[in-house]
Structure formats: C-alpha cells, structure tokens
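Structural overview for review
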Amino acid sequence: MASYLSAIAVLGVPAEVYMFGIHILYFYVSYPIGVVIASYVCLPVFFKSGGCTAYEMLYMAVVLYAPALALSAVTNVSIWTSVISVGAVCMFYCTLGGMKAVLWTDLFQAMLMFIGIFAIVIKGFSDIGFSEVFRIGYEEDRIAVPTLSPSLTERYTVWNLLIQGCIYSLMTFGANQIQIQRLLTLKNISRSRMALYLSIPLNVLFYILACVAGLVIYAHFYKCDPLTASNKPISAADQLFSTVSFVF
C-alpha cells in the first residue's frame, strides 16, 4: 500500500476534485475486484518465474516529476533542479540501503502523505466549517453522483468509473514494477495476497481523504480561483495542493 501511494495521488486527486468534482471517488467501488484478480492471476506467474519485470521508465519519470512540482511550487527552486535533487536523494538511499531502505522509505512516505492530507482537511474544516465545505461543494456541483449514461464522451459515468477502477487496480497490482517488486520480497504468495488485501481499506481511506481535501481546497478558493486570477499565482491544477498547504 505504501509504495502504491505517491505524490501523483496527493497532488492529482485533490486537483481532479477541484476541477471536476468528487465523481472520481466512485472509481473505488470496483477497485477491489482488480486487486483480487491480480492476486490470483498475476501473482502466481511472478512467483513461479523467480524474477520481476523491468522498470517502467515513464512511470518513474512521472513519480519524480510530481514531488518536484510540489517542491517548486513552495520554493524558488526550478522544476529541473527539483527533479534532479529528488532523483539524487532516491538513488542515494536505494544504493546504500537496498530493498529494506526502499520499504521503510515507502512506509515513511505513506505516513507523511496521510498526515499532510489529514492536516489540510482538519485545517480546512476548522477555518471554513465542516458543513460549509460540503455546502459549497454541493452547490458548485463538486459533489454529485455520476450518471448512468452510456456515452463515451462524458468524463465520468457509472460505467466508465467501474471499468476504470477494475482495470486500474489490476494494472497497478498485477503488472506495475513498483508493486511487483515489493510483493515478491514476501516469503510466499499467501503473504503477498494478504498484503494486497490489507492495502485495500487503507488505499480507499487515503483517496477518500484526498477527495475531501479537494473539496476543502475548492471551498477555500471558489471565490478567487488561482487558476483564472489575473495575477496567475499558479499555472496548473496540480499546484493547488501545494499552494493551499503554503497558505494554511
């Protein structure tokens, strides 16, 4: 679970809720289905092979870019300097500590992300008000149920969310090097499956908090959207979380 979470989720989910509403949360209704399929279809293959897949360079690039974007948003450090710095730190501790260092870092990272998201939510409720956050979200169409439309052009429908949730979790836990590498460090496939199942409620909880954080950010900025403000304080929605963290 810890290795599954990254700055992509911390920055991206609240930004998605800010821009399009809380529909993405319904994505996790079918999420456990993909996890179960991965545990019984994909994991046995990897355990029997005795090896693991090659790193997905594109994914790693995005994972490096996301924390670099956050660092750049709250400091005067350029994006490229941030990317190089984050990459250098990761290479250093991975080289010295190996997989053990990676796993402990994953755990520490997950704890920090939970604390950060939770802090934003609590601070937002304290400053804006619990009911006010949800009132604004509801009135501004950020809290809504996806439609049953069969349209392929709508951003969110019940059908595409259910399909996405299943396929995404299957891909993440059945084909993603980041996950496979960690799961193969366990003694046997039973423990690996148990780790997957235990990750489900924690991942869902994290994304619920991330969606609520998106509502908090929207409630904070809805009368002065930094994306459309004349002085352009930020240039992308992914910078919203970092910006509100700095403001709070």
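Below is a short write-up of the structure. Quantities reported herein were computed from a predicted structural model and do not represent experimental measurements.

The subject of this paragraph is the overall build of the chain. Assigned secondary structure in the chain consists of nine helices and zero strands. Mapped in sequence order, the helices and strands of the chain form the string α-α-α-α-α-α-α-α-α. Computed over C-alpha atoms, the radius of gyration of the chain comes to 19 Å, within 12% of the 18 Å expected from 2.2 N^0.38 for 248 residues, which places it in the range of a compact globule. Seen along its three principal axes, the alpha-carbon backbone of the chain occupies a region of about 55 × 45 × 30 Å. Expressed as a percentage of its 248 residues, the buried residues of the chain come to 43%. Within the chain, contacts between residues at least 6 apart in sequence are counted, and of these 78% link residues at least 24 apart. Just so you have it, the chain exposes about 13,100 Å², and 71% of that area is on carbon and sulfur atoms. A gap of 15 Å separates the mean positions of the 12 positive and 11 negative side-chain charges of the chain.

A separate point is helix 6 (residues 158-174). Here helix 6 spans 24 Å end to end across 17 residues, near enough to the 24 Å set by a 1.5 Å rise per residue. On its buried face, helix 6 sits against helix 2 (31-49), helix 7 (177-183) and helix 8 (189-221).

Attention shifts here to the packing of helix 4 (residues 79-128) against helix 9 (residues 240-247). Running from N to C, helix 4 and helix 9 point in directions that differ by 65°, and their axes come no closer than 11 Å. Regarding helix 4 and helix 9, the two cross each other, and that crossing is left-handed. Together, Gly116, Ile117 and Ile120 of helix 4 and Phe241, Val244 and Ser245 of helix 9 make up the contact between the two elements. In terms of residue class, the contact of helix 4 with helix 9 is made up of four nonpolar, two polar and no charged.

If you look at the biggest cluster of nonpolar residues, it comprises 49 residues, and the most contacted ones within it are Tyr18, Ile117, Phe206, Ile217, Leu240 and Phe241. Mapped by element, the contributors of at least two residues to this core are helix 1 (7-20), helix 2, helix 4, helix 5 (130-139), helix 6, helix 8 and helix 9. At 15 residues, the largest contribution of residues to this core is made by helix 8.

The next thing to look at is the packing of aromatic side chains. If you walk through the whole model with that rule in mind, you get 12 aromatic pairs. For the pair Phe125 and Phe130, a centre-to-centre distance of 4.8 Å together with 65° between the ring planes defines the contact as edge-to-face. By relative accessible area, Phe125 is classed as buried at 17%. Assessed through its relative accessible area of 53%, Phe130 is described here as exposed. Sitting above the plane of the Phe20 ring, Arg155 keeps its charged end 3.7 Å from the centroid. Seen from the ring of Tyr40, Arg193 lies directly overhead, with NZ or CZ sitting 4.0 Å from the centre.

Structurally, the position occupied by Glu16 is in helix 1. Of note is the side chain of Glu16, whose polar atom sits 2.9 Å from the side chain of Arg155. The contacts of Glu16, once residues within four sequence positions are left out, are Gly21, Ile24, Arg155 and Tyr156.

Cut-offs used in this document
- Residues numbered from 1 in each chain as written.
- Predicted model: local features only at pLDDT ≥ 70, side-chain atom pairs only at ≥ 80, totals over all residues.
- Heavy atoms only, no water.
- Helix = DSSP H or I, 4+ residues; strand = E, 2+ residues; numbered from the N terminus.
- Rg over C-alpha atoms; globule rule 2.2 N^0.38 Å.
- Buried < 20%, exposed > 50% of the residue type's maximum accessible area, 1.4 Å probe, protein only.
- Contact = heavy atoms within 4.5 Å.
- Areas by Shrake-Rupley, 256 points an atom, 1.4 Å probe, with all protein chains shown as cover.
- Lys, Arg positive; Asp, Glu negative; His and termini not counted.
- Charge placed at Lys NZ, Arg CZ, Asp CG, Glu CD.
- Expected span 1.5 Å × (residues − 1).
- Axes fitted to C-alpha atoms, helices over the stretch in contact; angles between N-to-C directions.
- Left-handed = near helix turned anticlockwise from the far one by under 90°.
- Nonpolar A, V, L, I, M, F, W, Y, C, P; charged D, E, K, R; others polar.
- Core = buried A, V, L, I, M, F, W, Y, C linked by side-chain atoms within 4.5 Å.
- Phe/Tyr/Trp six-rings, centres within 6.5 Å; stacked < 30°, edge-to-face > 60°.
- Lys NZ or Arg CZ within 6 Å of the ring centre and 35° of its normal.
- Polar contact = N/O pair within 3.5 Å; in protein donor to acceptor, adjacent residues only side chain to side chain.

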